Structures are given as C-alpha cells and as structure tokens.
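Here is how the chains run, residue by residue.
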Amino acid sequence: MSESTTHAAQPDLRADCSACFGLCCVALPFSRSSDFPVDKSAGTPCGNLREDFRCGIHQRLRGEGYNGCTVFDCFGAGQKVSQVVFQGVSWREEPESARVMYEVFPVVRQLHELLKYLAQALDLPAARLVHRDLRRAYERLDALTGDTPEVLLALDMDVLRGEVNPLLLRAGELARATVPGRRKNHRGADLMGARLRGANLRGASLRGALLVAADLSGSDLRDADLIGADMRDADLRGADLRGAVFLTQPQVNSARGDARTKLPQTLERPSHWADQGVPAPLPGDGDSAPPRRTGRAAGSRRRRSAGPPSSP
C-alpha cells in the first residue's frame, strides 16, 4: 500500500451513497427519540428510502426530526458491502441475501472505522516510529473488508480492536508529545455539561471522554486526542480543533459550532452550524476555571454508538 493511499480522506473511507443499497436505511434499527421521529426495526426499510436507494428527505432530515441520520457515517462500508462483498447484487434483486447482507454491514462498518483511525495515525509525522506496524494492521483489516460474508461474520471484533488499540494509543501519545508544556489528561472523564469555555486543552487526552453538552466554546483543542469522545451537543463555537487527533466527521456533526470554529482540513463544516448563534466574547486570557456542571445535562444519559475503537 502506497503512502498516499493511507490518507484519512481517501475515497474508500468516505461514504458514497450512490454506490450503496441504502444499507444504513434498512439494516440498522432506530427508536423514536430526539434523534428519530418514529421506531424502525433492523432489516426494515425506512419509509423515506426511495426505489433508487436514496433518501427522499435528505435535504431536510433535521427539519423532519431525523437528526440521527445526519450524524451517522459508515466510513465507506456501505459501498464496500454493496459492490464488493455482494458484487453489486442488491437485497431487492436477491431477497434471500438480505438477512446476511444486513448482518455483514455493521461488521464492515466497524472495520472501516478502524481503518479510518489507522489512516489518520499514518498521516501523523510524529508517529513515524509506529508507521510500519500501523501499515501492517491497515493492510490486514483492509483485506478482511472484502472477504466473504462467512469470514466477516466469524470475526471477533473485540479481538481485532484489542490488537489495533495499542497502536492508536501510541500514535496519539507521540502526536501529543510534540505539544510543549504540561498536557492535561481527561481520558475517560465524565465532563457532561462541563463549563470549559476558553479552556487550554491543547494536546490533552480526551480519549473516550463524555463531553455531551459541554461548553467548549473558544477552547484550544489543537492536537488533542479525541478518539471515542462523545461530543453530542457539545458547544464548539469559536473552538480551535486544528490538528486534533482522531477527530471524526460524526463527532463534529453531533456537536454545535459556527463560522469561527477551526477544523482539521480533512473534515467538513456541518451545514446546520450556520443556524447557530455566536457566544459572547471570552473574558481573560483563554484559560478556564475548573470544569463545572451545567443544569442542562444533569438528566442526560450516556449513549454509545457501535463504537469508538478505544475504550477509556
């Protein structure tokens, strides 16, 4: 695998709905909540799925109450399952393949998520010491994503994550070590609703941290390790996330930001951010007081997705 193919923004690791059989709209379940207006069981097509496998309300998902769809990313697993594993034959053309296809999709999605993180690690110059091992892990997982349904369904994802996690952790530590001064460690911390406005979190470890509804407006998150951090409804207005390690598009999509939020070049600014207001100017020199709870998140409940590859 050439160095250029490891870039985190490579096409194989980006969702291409035009080459997918609408698998996220069929295979995955969802429940009526603030993220979805209705209940849907696994294996049942969403009522908005068209005959061409595209979403009939894609441009107005948030307005229709489908916020959950706007923060989901298959990392390219949809087209891999549709075009490679099942060779371009859809579940509508061969209904007997549907059940297996629906079971394979979440497995390949997890593999592609790991590949995304490995690609990001390979893009870190500071992680050169582990690039060889990262590349080997990438090539192994990449080969698995195109294997047969039988092989894919027999995989032990916990074992695979356990093999990849130490490499990602080491890569993150090497990247953070380039930041001068003391680097904060909030790995796995419960910072739900914390007041971190203007905080100096440059090079901090926030791996697996709970940042739901946290106020991070105006904070310095450059070079921070954010792998697996739950950032739903976190306030990132005016925050600087350039160089953030292992930050993903779903994390950004689930948070709140504005035109002043600085993102890594590989990530896109969510369209719904344009509707969000601008916070008042930050006082002082940018360092915040110790984290404090806000009443907003006091009754919230943590909810994990199919999974960050690194647990606290």
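My aim in this report is to walk through the structure given alongside it, one point at a time. (Residues numbered from 1 in each chain as written. Predicted model: local features only at pLDDT ≥ 70, side-chain atom pairs only at ≥ 80, totals over all residues. Heavy atoms only, no water.)

**Concerning the environment of Cys69**
Piece 1. Among the secondary structure elements, Cys69 is positioned in helix H1 (residues 67-70).
Piece 2. Separated by 39 residues in the primary sequence, Cys69 and Phe30 place their C-alpha atoms 9.9 Å from one another.
Piece 3. Look past the residues within four positions of Cys69 in its chain and what remains in contact with it is Phe36 and Leu61. (Helix = DSSP H or I, 4+ residues; strand = E, 2+ residues; numbered from the N terminus. Contact = heavy atoms within 4.5 Å.)

**Focus: the environment of Ala255**
Piece 1. By the secondary structure assignment, Ala255 is in the segment after helix H7 (249-254).
Piece 2. For Ala255, a relative accessible area of 2% puts it in the buried group. (Buried < 20%, exposed > 50% of the residue type's maximum accessible area, 1.4 Å probe, protein only.)

**Some details on unusual backbone geometry**
Piece 1. With a phi angle near 65°, Asp223 is a residue other than glycine that sits in the positive phi range.
Piece 2. Mapping Asp223 onto the fold places it in the loop between helix H6 (157-176) and H7.
Piece 3. Here Asp223 falls in the buried class, since its relative accessible area comes to 19%.
Piece 4. Phi at Asp233 takes a positive value of approximately 65°, unusual for a residue other than glycine.
Piece 5. Within the secondary structure, Asp233 is located in the loop between H6 and H7.

**Quick notes on the nonpolar core**
Piece 1. The biggest cluster of nonpolar side chains holds 56 residues, and the ones touching the most others in it are Trp91 and Leu141.
Piece 2. Contributing elements (two or more residues each) for this core: helix H2 (77-85), helix H3 (98-122), helix H4 (131-145) and H6.
Piece 3. In this structure Trp91 touches Phe21, Leu23, Val26, Pro45, Leu49, Phe53, Ser97, Ala98, Met101 and Tyr102, once residues within four positions along its chain are discounted.
Piece 4. Counting 28 residues, the second largest nonpolar core, distinct from the first, contains Leu191, Leu241, Leu263 and Leu267. (Core = buried A, V, L, I, M, F, W, Y, C linked by side-chain atoms within 4.5 Å.)

**Description of H2**
Piece 1. Of all the 9 residues making up H2, 7 are buried; the element is thus mostly covered by neighbouring parts of the structure.
Piece 2. All of the buried residues along H2 are Ala77, Gly78, Gln79, Lys80, Val81, Ser82 and Val85.
Piece 3. Of the surrounding secondary structure, the elements contacted by the buried residues of H2 are H3, H4 and helix H5 (149-153).
Piece 4. Residue Gln87 follows H2 closely and has a positive phi angle near 50°.

**Observations concerning the packing of aromatic side chains**
Piece 1. Under the criterion given, the structure shown has 7 aromatic pairs.
Piece 2. Seen from their ring centres, Phe21 and Phe53 are 5.4 Å apart, and the 50° between their planes marks the pair as tilted. One end of the pair, Phe21, is in the segment before H1; the other, Phe53, is in the segment before H1, with 32 residues separating them in the sequence.
Piece 3. Among the residues examined, Phe21 registers a relative accessible area of 7% and is labelled buried.
Piece 4. Measuring from centroid to centroid gives 6.3 Å for Phe36 and Tyr66, while their planes differ by 80°, and the two rings are edge-to-face. Of this pair, Phe36 sits in the segment before H1 while Tyr66 sits in the segment before H1, placing them 30 residues apart in sequence. Per residue, the accessibility class of Phe36 equals that of Tyr66, and both read buried. (Phe/Tyr/Trp six-rings, centres within 6.5 Å; stacked < 30°, edge-to-face > 60°.)

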